[in-house]
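Secondary and tertiary structure notes
Chain by chain, the residues run as shown.
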Amino acid sequence: MGATGVPAGAASVAVPDGPVARTSAPAPARQQELLRLLRQDCGSCHGMRLTGGLGPALTPEALSARPEAGLVATIVAGRPGTAMPPWRRFLSEAEAQWLVVRLVSGDVETVRD
Ligand code: HEC
């Protein structure tokens, strides 16, 4: 379904195995923004508690068997042909890595607003 061409990056995102780098955490205020994005935007498909909906569960149990780098690539580039959209306009790859580390460890609480 490539309407107007190949989605940029979809084919070029390398998907190595193994854990992603734990370096370069976003600034604290940006971390809160990312966690809110996770609840509000990702949660609309993956469930308010990330236990699944239109999209699969993003709980530590569900993600334990998945290579983290592949999850990062999925967030950044989306999954063409599925409802999972690319998020590269809203977050960097480093920020996606940070989110994946939080998802895998189940540490996704936001500040209350
Ligand atoms: C419009 C609905 C939708 C939204 C919004 C959405 N996703 Fe998804 N996501 C999906 C679907 C559907 C899949 C499963 C794709 C497939 O069939 O391979 C998926 C797959 C994933 C996967 C791979 C899970 C696995 O088990 O391999 C991750 C990680 C993920 N999404 C994270 C996110 C994050 C983080 C956000 C927010 C930044 C987000 N998604 C927003 C629909 C969505």
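You'll find the structure just up there.
The following refers to the structure shown. Since the model is a prediction, treat every value here as computed from it, not as a measurement.

Right, let's talk about the overall build of the protein chain for a bit. Tallying secondary structure elements over the protein chain gives 4 helices and 0 strands in all. A fraction of 66% describes how many contacts in the protein chain between residues 6 or more apart in sequence connect residues 24 or more apart.

This brings us to the site of the ligand. Neighbouring the ligand are 22 residues; Cys-42, Cys-45, Gly-55, Thr-82 and Met-84 lie closest to it. Only α1 (28–46) and α3 (68–77) provide two or more residues apiece to the shell around the ligand. Taken together, the residues that form the shell around the ligand break down as 14 nonpolar, 5 polar and 3 charged.

Time to look at the packing of α3 against helix α4 (residues 93–105). Interaxial distance between α3 and α4 falls to 9 Å at its minimum, and their mutual angle equals 125°. Taken together, the axes of α3 and α4 lie oblique to each other. In this structure, α3 meets α4 at a crossing whose hand is right-handed. Residues Glu-68, Leu-71, Val-72, Ile-75 and Val-76 of α3 pack against Glu-93, Ala-96, Gln-97, Leu-99, Val-100 and Val-104 of α4. Grouping the amino acids of the contact of α3 with α4 by side-chain chemistry returns 8 nonpolar, 1 polar and 2 charged.

Moving on: unusual backbone geometry. Even without a glycine there, the phi angle at Leu-50 is positive, about 60°. Relative to the elements of secondary structure, Leu-50 occurs in the loop between α1 and α2 (60–63).

We now examine α3. Those residues of α3 that sit buried are Leu-71, Val-72, Ala-73, Ile-75, Val-76 and Ala-77. Contacts from the buried residues of α3 go to α2 and α4.

Definitions and limits used
- For every chain, the first residue of the written sequence is number 1, and numbering continues from 1 onward in sequence order.
- Per-residue local features are limited, in this predicted model, to residues with pLDDT of at least 70; the limit for side-chain atom pairs, both in listing and counting, is 80 or more; totals at the level of whole chains, interfaces and linings are taken over all residues.
- Only runs of H or I of at least four residues qualify as helices and only runs of E of at least two qualify as strands under DSSP, and these elements are numbered from the N terminus.
- By definition, residue pairs are in contact when their C-beta atoms, positioned from the backbone, come within 7 Å.
- Near residues are defined by distance alone, with the backbone-placed C-beta atom required to lie within 6 Å of the molecule or strand.
- Ten residue types, Ala, Val, Leu, Ile, Met, Phe, Trp, Tyr, Cys and Pro, are classed as nonpolar, four, Asp, Glu, Lys and Arg, as charged, and the remainder, Gly among them, as polar.
- The axes used here are C-alpha line fits, helices contributing only the stretch in contact, and every angle between their N-to-C directions lies in the interval 0 to 180 degrees.
- Here is the rule for angles: anything less than 35 degrees is roughly parallel, anything more than 145 is roughly antiparallel, 65 through 115 is roughly perpendicular, and the remaining ranges are oblique.
- The crossing is said to be left-handed when, going from far helix to near helix, the turn is anticlockwise and less than a right angle, and right-handed when the turn is clockwise.
- Each residue is classed by its C-beta neighbour count within 10 Å, where at least 20 other C-beta atoms makes it buried, 12 or fewer makes it exposed, and intermediate counts make it partly exposed; the C-beta atoms are placed from backbone geometry.

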